Amino acid sequence: MSIQYDVEPLADSYGVADSFPKDFGYGEEEEADIEDSPSPSDSKPRILLMGLRRSGKSSIQKVVFHKMSPNETLFLESTNKIYKDDISSSSFVNFQIWDFPGQIDFIDPTFDYEMIFRGTGALIFVIDAQDDYVEALGRLHLTVSRAFRVNPEINFEVFIHKVDGLSDDHKIETQRDIHQRANDDLADASLEKLHLSFYLTSIYDHSIFEAFSKVVQKLIPQLPTLENLLNIFISNSGIEKAFLFDVVSKIYIATDSSPVDMQSYELCCDMIDVVIDVSCIYGLREDGSGSAYDKESMAIIKLNNTTVLYLKEVTKFLALVCILREESFERKGLIDYNFHCFRKAIHEVFEVGVSTQRPMGPPGVGSPCHKAVALNGTPRSTV
Ligand SMILES: Nc1nc2c(ncn2[C@@H]2O[C@H](COP(=O)(O)OP(=O)(O)OP(=O)(O)O)[C@@H](O)[C@H]2O)c(=O)[nH]1
(Lines give C-alpha, C1' and ligand atoms only; values in the text may rest on other atoms or scores of the structure.)
Protein backbone atom coordinates (compact mmCIF):
# COMPACT_ATOMS: atom_id res chain seq x y z
CA MET A 1 0.00 0.00 0.00
CA SER A 2 1.44 3.34 -0.93
CA ILE A 3 0.16 6.59 0.41
CA GLN A 4 0.57 9.83 -1.40
CA TYR A 5 -0.28 12.54 0.95
CA ASP A 6 -0.25 16.19 0.41
CA VAL A 7 -1.38 18.76 2.90
CA GLU A 8 -0.49 22.40 3.12
CA PRO A 9 -0.68 23.28 6.79
CA LEU A 10 -2.67 26.45 6.37
CA ALA A 11 -4.16 28.29 3.46
CA ASP A 12 -4.77 31.90 4.42
CA SER A 13 -7.17 32.35 1.58
CA TYR A 14 -9.28 29.67 3.14
CA GLY A 15 -10.85 32.12 5.50
CA VAL A 16 -11.61 30.11 8.55
CA ALA A 17 -9.31 27.19 7.82
CA ASP A 18 -7.35 27.82 10.97
CA SER A 19 -10.52 27.70 12.98
CA PHE A 20 -10.78 23.96 12.47
CA PRO A 21 -10.33 22.90 16.05
CA LYS A 22 -6.93 21.47 16.93
CA ASP A 23 -8.41 18.64 18.94
CA PHE A 24 -10.49 17.75 15.95
CA GLY A 25 -13.26 19.32 17.09
CA TYR A 26 -16.24 18.70 18.84
CA GLY A 27 -17.90 21.82 20.05
CA GLU A 28 -18.50 22.88 23.54
CA GLU A 29 -20.42 20.56 25.70
CA GLU A 30 -23.03 22.13 27.89
CA GLU A 31 -24.64 20.54 30.84
CA ALA A 32 -28.19 21.69 31.38
CA ASP A 33 -30.66 21.29 34.14
CA ILE A 34 -33.93 19.96 32.90
CA GLU A 35 -35.66 23.07 34.15
CA ASP A 36 -33.23 25.39 32.35
CA SER A 37 -34.84 28.03 30.22
CA PRO A 38 -33.82 27.74 26.59
CA SER A 39 -30.61 29.52 25.58
CA PRO A 40 -30.22 31.20 22.15
CA SER A 41 -28.35 28.17 20.81
CA ASP A 42 -31.37 26.07 21.70
CA SER A 43 -33.00 27.34 18.53
CA LYS A 44 -30.74 24.96 16.58
CA PRO A 45 -32.52 21.82 15.46
CA ARG A 46 -31.93 18.94 17.76
CA ILE A 47 -31.27 15.29 17.61
CA LEU A 48 -32.45 13.75 20.86
CA LEU A 49 -30.93 10.61 22.30
CA MET A 50 -33.43 8.91 24.59
CA GLY A 51 -33.86 5.48 26.10
CA LEU A 52 -33.64 3.60 29.38
CA ARG A 53 -30.68 3.90 31.72
CA ARG A 54 -27.49 2.20 30.57
CA SER A 55 -28.90 1.57 27.10
CA GLY A 56 -25.82 3.23 25.60
CA LYS A 57 -26.90 6.80 24.75
CA SER A 58 -23.83 8.65 26.05
CA SER A 59 -21.54 6.03 24.55
CA ILE A 60 -23.06 6.60 21.10
CA GLN A 61 -22.63 10.35 21.37
CA LYS A 62 -19.04 10.08 22.60
CA VAL A 63 -17.96 7.49 20.03
CA VAL A 64 -19.54 9.20 17.02
CA PHE A 65 -18.79 12.83 17.81
CA HIS A 66 -15.91 12.77 20.28
CA LYS A 67 -13.68 10.01 18.94
CA MET A 68 -13.90 8.10 22.22
CA SER A 69 -12.78 4.52 21.81
CA PRO A 70 -15.58 2.01 22.52
CA ASN A 71 -13.70 0.43 25.42
CA GLU A 72 -13.46 3.77 27.22
CA THR A 73 -17.25 3.97 27.38
CA LEU A 74 -17.15 1.28 30.06
CA PHE A 75 -16.08 4.03 32.46
CA LEU A 76 -18.77 6.57 31.54
CA GLU A 77 -20.79 7.72 34.47
CA SER A 78 -24.55 7.72 34.36
CA THR A 79 -26.06 10.93 32.94
CA ASN A 80 -28.10 12.85 35.50
CA LYS A 81 -28.98 15.90 33.48
CA ILE A 82 -29.59 16.68 29.83
CA TYR A 83 -26.25 17.10 28.03
CA LYS A 84 -26.48 19.50 25.12
CA ASP A 85 -23.65 18.95 22.70
CA ASP A 86 -23.33 21.60 20.01
CA ILE A 87 -21.19 20.12 17.28
CA SER A 88 -21.94 22.69 14.60
CA SER A 89 -18.66 24.57 15.02
CA SER A 90 -16.62 21.58 13.92
CA SER A 91 -19.00 19.55 11.86
CA PHE A 92 -21.24 19.89 8.85
CA VAL A 93 -23.92 18.45 11.05
CA ASN A 94 -25.49 21.65 12.23
CA PHE A 95 -27.38 20.22 15.14
CA GLN A 96 -27.32 19.97 18.85
CA ILE A 97 -27.24 16.46 20.17
CA TRP A 98 -29.15 16.23 23.44
CA ASP A 99 -28.31 13.25 25.58
CA PHE A 100 -31.09 12.55 28.08
CA PRO A 101 -30.76 10.83 31.42
CA GLY A 102 -32.44 7.43 31.38
CA GLN A 103 -34.93 8.19 34.11
CA ILE A 104 -36.60 11.22 32.54
CA ASP A 105 -40.13 11.64 33.78
CA PHE A 106 -42.80 13.18 31.56
CA ILE A 107 -45.05 13.78 34.53
CA ASP A 108 -42.37 15.96 36.14
CA PRO A 109 -43.67 19.55 35.70
CA THR A 110 -40.11 20.89 35.38
CA PHE A 111 -39.58 18.87 32.20
CA ASP A 112 -40.82 21.12 29.42
CA TYR A 113 -41.20 18.44 26.80
CA GLU A 114 -43.30 20.67 24.53
CA MET A 115 -40.39 23.09 24.19
CA ILE A 116 -37.95 20.24 23.66
CA PHE A 117 -39.94 18.36 21.03
CA ARG A 118 -40.94 21.45 19.09
CA GLY A 119 -37.39 22.16 17.89
CA THR A 120 -36.46 18.53 17.34
CA GLY A 121 -35.46 17.12 13.95
CA ALA A 122 -34.93 13.51 14.97
CA LEU A 123 -35.59 11.50 18.09
CA ILE A 124 -33.32 8.48 18.47
CA PHE A 125 -34.62 5.95 20.95
CA VAL A 126 -31.93 3.51 22.07
CA ILE A 127 -32.94 -0.02 23.13
CA ASP A 128 -30.39 -2.34 24.73
CA ALA A 129 -30.76 -5.56 22.73
CA GLN A 130 -28.73 -7.51 25.28
CA ASP A 131 -31.27 -6.78 27.98
CA ASP A 132 -34.94 -7.60 28.43
CA TYR A 133 -36.59 -4.94 26.26
CA VAL A 134 -40.21 -5.08 27.45
CA GLU A 135 -39.80 -2.00 29.67
CA ALA A 136 -37.91 -0.21 26.91
CA LEU A 137 -40.78 -0.81 24.48
CA GLY A 138 -43.25 0.72 26.94
CA ARG A 139 -40.99 3.73 27.30
CA LEU A 140 -40.53 3.99 23.55
CA HIS A 141 -44.28 4.09 23.03
CA LEU A 142 -44.80 6.73 25.72
CA THR A 143 -41.97 8.88 24.37
CA VAL A 144 -42.81 8.79 20.67
CA SER A 145 -46.53 9.25 21.17
CA ARG A 146 -45.92 12.35 23.34
CA ALA A 147 -43.39 13.73 20.88
CA PHE A 148 -45.62 13.04 17.87
CA ARG A 149 -48.52 14.97 19.39
CA VAL A 150 -46.28 18.00 19.93
CA ASN A 151 -44.41 17.80 16.61
CA PRO A 152 -45.46 15.27 13.95
CA GLU A 153 -42.52 16.38 11.77
CA ILE A 154 -39.99 14.58 13.96
CA ASN A 155 -38.21 11.58 12.43
CA PHE A 156 -38.48 8.70 14.88
CA GLU A 157 -35.45 6.41 14.82
CA VAL A 158 -35.03 3.29 16.95
CA PHE A 159 -31.51 2.00 17.54
CA ILE A 160 -31.58 -1.66 18.55
CA HIS A 161 -28.24 -1.30 20.24
CA LYS A 162 -25.38 -3.47 21.57
CA VAL A 163 -26.02 -6.11 18.91
CA ASP A 164 -22.33 -7.04 19.00
CA GLY A 165 -23.28 -9.54 21.70
CA LEU A 166 -25.87 -11.32 19.53
CA SER A 167 -25.58 -14.01 16.87
CA ASP A 168 -26.78 -13.12 13.35
CA ASP A 169 -29.99 -15.11 13.76
CA HIS A 170 -30.67 -13.57 17.14
CA LYS A 171 -30.16 -10.07 15.69
CA ILE A 172 -32.74 -10.61 12.97
CA GLU A 173 -35.20 -12.19 15.39
CA THR A 174 -34.77 -9.34 17.91
CA GLN A 175 -35.30 -6.72 15.23
CA ARG A 176 -38.42 -8.49 13.94
CA ASP A 177 -39.85 -8.82 17.43
CA ILE A 178 -39.17 -5.21 18.44
CA HIS A 179 -40.52 -3.93 15.12
CA GLN A 180 -43.70 -5.97 15.50
CA ARG A 181 -44.40 -5.05 19.11
CA ALA A 182 -43.63 -1.35 18.71
CA ASN A 183 -45.91 -1.06 15.68
CA ASP A 184 -48.67 -3.08 17.37
CA ASP A 185 -48.56 -0.64 20.29
CA LEU A 186 -48.87 2.29 17.89
CA ALA A 187 -51.75 0.65 16.03
CA ASP A 188 -53.57 0.06 19.35
CA ALA A 189 -53.21 3.78 20.09
CA SER A 190 -54.43 4.70 16.56
CA LEU A 191 -51.06 6.20 15.76
CA GLU A 192 -50.51 4.43 12.43
CA LYS A 193 -49.21 7.66 10.92
CA LEU A 194 -46.27 7.63 13.27
CA HIS A 195 -43.45 5.95 11.38
CA LEU A 196 -40.58 4.28 13.22
CA SER A 197 -37.30 3.36 11.47
CA PHE A 198 -35.17 0.60 12.96
CA TYR A 199 -31.40 0.08 12.89
CA LEU A 200 -29.15 -2.60 14.38
CA THR A 201 -26.24 -0.80 16.00
CA SER A 202 -23.10 -1.27 18.03
CA ILE A 203 -20.30 1.07 19.01
CA TYR A 204 -17.84 -1.77 18.42
CA ASP A 205 -18.17 -1.60 14.63
CA HIS A 206 -19.18 0.89 11.94
CA SER A 207 -22.90 0.18 12.29
CA ILE A 208 -23.38 3.12 14.63
CA PHE A 209 -21.79 5.52 12.11
CA GLU A 210 -23.91 4.07 9.30
CA ALA A 211 -27.10 4.43 11.32
CA PHE A 212 -26.25 8.00 12.35
CA SER A 213 -25.50 8.78 8.69
CA LYS A 214 -29.00 7.71 7.71
CA VAL A 215 -30.55 9.73 10.54
CA VAL A 216 -28.65 12.86 9.53
CA GLN A 217 -29.32 12.39 5.80
CA LYS A 218 -33.06 12.58 6.42
CA LEU A 219 -32.53 16.05 7.87
CA ILE A 220 -30.61 17.41 4.88
CA PRO A 221 -33.04 19.05 2.46
CA GLN A 222 -30.51 19.03 -0.39
CA LEU A 223 -29.97 15.27 -0.26
CA PRO A 224 -31.54 14.46 -3.67
CA THR A 225 -29.39 17.16 -5.31
CA LEU A 226 -26.25 15.85 -3.65
CA GLU A 227 -27.05 12.30 -4.76
CA ASN A 228 -27.65 13.50 -8.27
CA LEU A 229 -24.34 15.36 -8.39
CA LEU A 230 -22.52 12.29 -7.08
CA ASN A 231 -24.18 10.10 -9.72
CA ILE A 232 -23.12 12.44 -12.50
CA PHE A 233 -19.61 12.70 -11.08
CA ILE A 234 -18.99 8.96 -10.75
CA SER A 235 -20.52 7.96 -14.06
CA ASN A 236 -18.36 10.45 -15.96
CA SER A 237 -15.18 9.58 -14.07
CA GLY A 238 -15.16 5.77 -14.04
CA ILE A 239 -15.57 5.70 -10.25
CA GLU A 240 -17.30 2.79 -8.55
CA LYS A 241 -18.50 4.40 -5.36
CA ALA A 242 -18.27 7.85 -3.80
CA PHE A 243 -19.17 9.08 -0.33
CA LEU A 244 -19.47 12.67 0.83
CA PHE A 245 -18.19 12.55 4.39
CA ASP A 246 -18.46 14.83 7.37
CA VAL A 247 -14.79 14.54 8.29
CA VAL A 248 -15.11 15.00 12.03
CA SER A 249 -17.80 12.43 12.69
CA LYS A 250 -17.25 10.12 9.69
CA ILE A 251 -20.94 10.31 9.00
CA TYR A 252 -21.58 10.20 5.26
CA ILE A 253 -24.08 12.83 4.38
CA ALA A 254 -24.65 11.55 0.84
CA THR A 255 -23.53 8.86 -1.58
CA ASP A 256 -24.35 7.93 -5.17
CA SER A 257 -27.42 5.80 -5.71
CA SER A 258 -25.63 2.44 -6.05
CA PRO A 259 -26.12 0.26 -2.96
CA VAL A 260 -23.82 0.86 0.01
CA ASP A 261 -21.90 -2.15 1.18
CA MET A 262 -20.57 -1.98 4.69
CA GLN A 263 -17.03 -2.95 3.68
CA SER A 264 -16.66 -0.01 1.27
CA TYR A 265 -17.98 2.35 3.89
CA GLU A 266 -15.55 0.98 6.50
CA LEU A 267 -12.66 1.30 4.07
CA CYS A 268 -13.48 4.95 3.45
CA CYS A 269 -13.86 5.62 7.20
CA ASP A 270 -10.44 4.06 7.78
CA MET A 271 -8.98 6.25 5.07
CA ILE A 272 -10.24 9.39 6.80
CA ASP A 273 -8.66 8.20 10.06
CA VAL A 274 -5.33 7.58 8.32
CA VAL A 275 -5.35 10.94 6.56
CA ILE A 276 -6.22 12.91 9.68
CA ASP A 277 -3.74 11.02 11.86
CA VAL A 278 -0.89 11.49 9.38
CA SER A 279 -1.87 15.11 8.93
CA CYS A 280 -1.94 15.76 12.66
CA ILE A 281 1.61 14.38 12.91
CA TYR A 282 3.20 15.76 9.73
CA GLY A 283 0.79 18.35 8.37
CA LEU A 284 0.95 21.00 11.08
CA ARG A 285 3.55 23.71 11.39
CA GLU A 286 6.48 23.21 13.73
CA ASP A 287 4.86 25.35 16.39
CA GLY A 288 1.74 23.16 16.15
CA SER A 289 -0.37 25.79 14.42
CA GLY A 290 -2.36 25.08 11.29
CA SER A 291 -5.11 22.67 10.56
CA ALA A 292 -5.17 18.92 10.09
CA TYR A 293 -7.73 19.30 7.35
CA ASP A 294 -7.89 22.16 4.91
CA LYS A 295 -8.37 23.18 1.30
CA GLU A 296 -5.20 21.40 0.19
CA SER A 297 -6.03 18.10 1.85
CA MET A 298 -6.00 15.13 -0.51
CA ALA A 299 -4.81 11.56 -0.38
CA ILE A 300 -4.46 8.57 -2.66
CA ILE A 301 -4.20 5.05 -1.27
CA LYS A 302 -3.50 2.17 -3.67
CA LEU A 303 -4.50 -1.21 -2.28
CA ASN A 304 -2.93 -4.51 -3.36
CA ASN A 305 -6.14 -5.63 -5.06
CA THR A 306 -6.03 -2.99 -7.84
CA THR A 307 -8.41 -0.74 -5.91
CA VAL A 308 -7.62 2.91 -5.41
CA LEU A 309 -9.05 5.15 -2.68
CA TYR A 310 -9.07 8.83 -3.52
CA LEU A 311 -9.89 11.55 -0.96
CA LYS A 312 -10.31 15.24 -1.71
CA GLU A 313 -11.45 18.24 0.26
CA VAL A 314 -14.86 19.63 -0.73
CA THR A 315 -15.61 22.15 2.01
CA LYS A 316 -14.22 22.98 5.44
CA PHE A 317 -16.16 20.05 6.91
CA LEU A 318 -16.71 17.75 3.96
CA ALA A 319 -14.49 15.35 2.05
CA LEU A 320 -15.23 13.24 -0.99
CA VAL A 321 -13.89 9.70 -0.74
CA CYS A 322 -14.02 7.60 -3.91
CA ILE A 323 -13.36 3.93 -4.61
CA LEU A 324 -12.15 3.08 -8.11
CA ARG A 325 -10.14 0.59 -10.16
CA GLU A 326 -6.49 1.26 -10.96
CA GLU A 327 -7.28 1.38 -14.72
CA SER A 328 -9.78 4.18 -14.17
CA PHE A 329 -7.29 6.08 -12.07
CA GLU A 330 -5.02 6.36 -15.13
CA ARG A 331 -7.39 9.11 -16.24
CA LYS A 332 -6.67 11.16 -13.13
CA GLY A 333 -6.75 14.41 -15.13
CA LEU A 334 -10.34 13.75 -16.13
CA ILE A 335 -11.31 12.77 -12.60
CA ASP A 336 -9.74 15.94 -11.22
CA TYR A 337 -11.50 18.10 -13.77
CA ASN A 338 -14.85 16.46 -12.98
CA PHE A 339 -14.13 16.83 -9.29
CA HIS A 340 -13.48 20.53 -9.80
CA CYS A 341 -16.95 20.88 -11.40
CA PHE A 342 -18.51 18.75 -8.66
CA ARG A 343 -16.92 20.82 -5.90
CA LYS A 344 -18.13 24.03 -7.50
CA ALA A 345 -21.64 22.65 -7.75
CA ILE A 346 -21.65 21.61 -4.09
CA HIS A 347 -20.58 25.11 -3.06
CA GLU A 348 -23.37 26.56 -5.17
CA VAL A 349 -25.94 24.23 -3.64
CA PHE A 350 -25.09 25.42 -0.16
CA GLU A 351 -24.79 29.08 -1.16
CA VAL A 352 -28.30 28.91 -2.58
CA GLY A 353 -29.31 27.30 0.70
CA VAL A 354 -27.99 30.30 2.61
CA SER A 355 -29.60 32.88 0.36
CA THR A 356 -32.99 31.20 0.74
CA GLN A 357 -32.71 31.07 4.50
CA ARG A 358 -35.85 32.26 6.19
CA PRO A 359 -35.77 34.72 9.04
CA MET A 360 -36.22 33.22 12.46
CA GLY A 361 -39.79 33.61 13.63
CA PRO A 362 -40.93 34.10 17.18
CA PRO A 363 -41.53 30.97 19.17
CA GLY A 364 -45.12 29.89 19.30
CA VAL A 365 -46.59 26.92 21.06
CA GLY A 366 -47.97 24.35 18.68
CA SER A 367 -46.79 26.19 15.57
CA PRO A 368 -45.45 23.97 12.80
CA CYS A 369 -41.71 23.50 12.52
CA HIS A 370 -40.49 25.59 9.57
CA LYS A 371 -37.33 24.32 7.99
CA ALA A 372 -34.78 26.81 6.69
CA VAL A 373 -31.22 26.15 5.66
CA ALA A 374 -28.05 26.94 7.54
CA LEU A 375 -24.66 27.94 6.21
CA ASN A 376 -23.52 24.37 5.93
CA GLY A 377 -26.73 23.28 4.33
CA THR A 378 -28.36 21.47 7.20
CA PRO A 379 -31.79 22.72 8.09
CA ARG A 380 -32.38 25.21 10.83
CA SER A 381 -35.70 25.10 12.51
CA THR A 382 -37.59 28.21 13.24
CA VAL A 383 -40.17 27.39 15.79
N1 LIG B 1 -21.52 -4.41 24.22
C2 LIG B 1 -21.84 -3.13 24.07
N3 LIG B 1 -21.84 -2.31 25.15
C4 LIG B 1 -22.17 -1.01 24.94
C5 LIG B 1 -22.49 -0.49 23.66
N6 LIG B 1 -22.78 0.82 23.80
C7 LIG B 1 -22.65 1.12 25.10
N8 LIG B 1 -22.28 0.02 25.80
C9 LIG B 1 -22.03 -0.05 27.25
O10 LIG B 1 -23.22 0.20 27.94
C11 LIG B 1 -22.96 0.81 29.20
C12 LIG B 1 -23.87 2.00 29.42
O13 LIG B 1 -23.55 2.99 28.48
P14 LIG B 1 -23.93 4.54 28.67
O15 LIG B 1 -23.53 5.21 27.40
O16 LIG B 1 -23.39 5.09 29.94
O17 LIG B 1 -25.51 4.43 28.77
P18 LIG B 1 -26.56 5.63 28.92
O19 LIG B 1 -27.77 5.21 28.17
O20 LIG B 1 -25.96 6.94 28.55
O21 LIG B 1 -26.86 5.55 30.48
P22 LIG B 1 -27.50 6.69 31.44
O23 LIG B 1 -26.59 7.86 31.40
O24 LIG B 1 -27.55 6.02 32.77
O25 LIG B 1 -28.88 6.98 30.91
C26 LIG B 1 -21.47 1.16 29.18
O27 LIG B 1 -20.78 0.23 29.98
C28 LIG B 1 -21.06 1.00 27.73
O29 LIG B 1 -19.71 0.56 27.57
C30 LIG B 1 -22.44 -1.40 22.54
O31 LIG B 1 -22.69 -1.06 21.38
N32 LIG B 1 -22.11 -2.69 22.81
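Residues numbered from 1 in each chain as written. Predicted model: local features only at pLDDT ≥ 70, side-chain atom pairs only at ≥ 80, totals over all residues. Heavy atoms only, no water.

Caption draft 1: Structural context of the site of the ligand. Around the ligand there are 20 residues in total, and Ser58, Ser59, Ser78, Thr79 and Asp164 lie nearest to it. Between histidine 161 and the ligand, the recorded distance is 2.9 Å, taken from a side-chain N or O atom to a nitrogen atom. Take aspartate 164: an N or O atom from its side chain is 2.7 Å from a nitrogen atom of the ligand. The fraction of the free accessible surface of the ligand (660 Å²) that becomes covered by protein chains is 93%. Tallying contributions element by element places helix H1 (residues 57-66) first for the shell around the ligand, with three residues. Across the shell around the ligand, the residue classes tally to four nonpolar, eleven polar and five charged. (Near = heavy atom within 4 Å. Polar contact = N/O pair within 3.5 Å; in protein donor to acceptor, adjacent residues only side chain to side chain. Areas by Shrake-Rupley, 256 points an atom, 1.4 Å probe, with all protein chains shown as cover. Helix = DSSP H or I, 4+ residues; strand = E, 2+ residues; numbered from the N terminus. Nonpolar A, V, L, I, M, F, W, Y, C, P; charged D, E, K, R; others polar.)

Caption draft 2: The pattern of salt bridges, seen in detail. Applying the stated criterion to the full structure yields 13 salt bridges. Notably, a salt bridge pairs lysine 67 with aspartate 273, separated by 3.6 Å at the nearest N-O pair. With lysine 67 in the loop between H1 and strand E4 (82-86) and aspartate 273 in helix H7 (residues 262-283), this pair connects stretches of sequence that are 206 residues apart. Between glutamate 313 and arginine 343 there is a salt bridge, and its shortest N-O distance comes to 2.9 Å. With glutamate 313 in strand E12 (residues 307-313) and arginine 343 in helix H9 (residues 332-355), the pair connects residues that are 30 residues apart, well separated along the chain. Sharing partners across several salt bridges, the network here consists of Lys67, Lys250 and Asp273. (Salt bridge = Lys/Arg side-chain N within 4 Å of Asp/Glu carboxyl O.)

Caption draft 3: Inspection of the domain arrangement of the chain at higher detail. Split into domains, the chain comes out as domain 1 (46-219) and domain 2 (222-355). For domain 1 versus domain 2, the separation of C-alpha centres amounts to 29 Å. On the side of domain 2, 19 residues touch domain 1, which itself brings 18 residues to the contact. Counting the surface domain 1 buries against domain 2, the share from its top three residues, Phe92, His206 and Gln217, is 41%. Joining domain 1 to domain 2, the criterion identifies one salt bridge. Across the contact surface, domain 1 and domain 2 share three residue pairs in polar contact (both at pLDDT 80 or more). Elements with a contribution of two residues or more to the side of domain 1 that touches domain 2: H1 and helix H5 (207-217). The element best represented in the side of domain 1 that touches domain 2 is H5, accounting for eight residues. Its residues assigned to classes, the side of domain 1 that touches domain 2 shows seven nonpolar, eight polar and three charged. (Domains from an automatic or database assignment. Contact = heavy atoms within 4.5 Å. Buried area = accessible area lost by both parts, 1.4 Å probe.)

Caption draft 4: Here's a closer look at the confidence of the model for the chain. With 77% of its residues at a pLDDT of at least 70, the chain reaches an overall mean of 79. Both scores are available for the predicted complex, with the pTM at 0.80 and the ipTM at 0.98. (pLDDT = per-residue confidence, 0-100.)

Caption draft 5: Local environment of the environment of alanine 122. With respect to the element layout, alanine 122 can be found in strand E6 (residues 120-128). Sequence-wise, alanine 122 and alanine 187 are 65 residues apart; in three dimensions their C-alpha atoms are separated by 21 Å. Among residues more than four places away in sequence, those in contact with alanine 122 are Arg46, Ile47, Leu48, Ile154, Asn155, Val215 and Leu219.

Caption draft 6: Quick look at a nonpolar patch on the surface. Together, Leu74, Phe75 and Tyr204 make up an exposed nonpolar region whose accessible area comes to about 390 Å². By the secondary structure assignment, tyrosine 204 is in the loop between strand E8 (196-201) and H5. The class for tyrosine 204 is partly exposed, based on a relative accessible area of 43%. (Patch = residues over 30% accessible without salt bridge, like charges linked within 9 Å, V, L, I, M, F, W, Y side chains within 5 Å. Buried < 20%, exposed > 50% of the residue type's maximum accessible area, 1.4 Å probe, protein only.)

Caption draft 7: Seen up close, the pairing of strand E9 (residues 241-246). Counting buried residues in E9 gives six out of six residues, a clear majority hidden from the surface. Relative to strand E13 (residues 318-325), E9 runs antiparallel, the two being bridged by six bridges. Across the sheet, residue alanine 242 finds its bridge partner in E13, namely cysteine 322. Taken together, the four bridges between E9 and strand E10 (residues 251-255) define a ladder with antiparallel strand orientation. Its bridge partner lying in E10, phenylalanine 243 is registered against threonine 255. The turn joining E9 and E10, which pair antiparallel and follow one another in sequence, is formed by four residues; a positive phi near 60 degrees is taken by lysine 250. (Pairing = 2+ DSSP bridges.)

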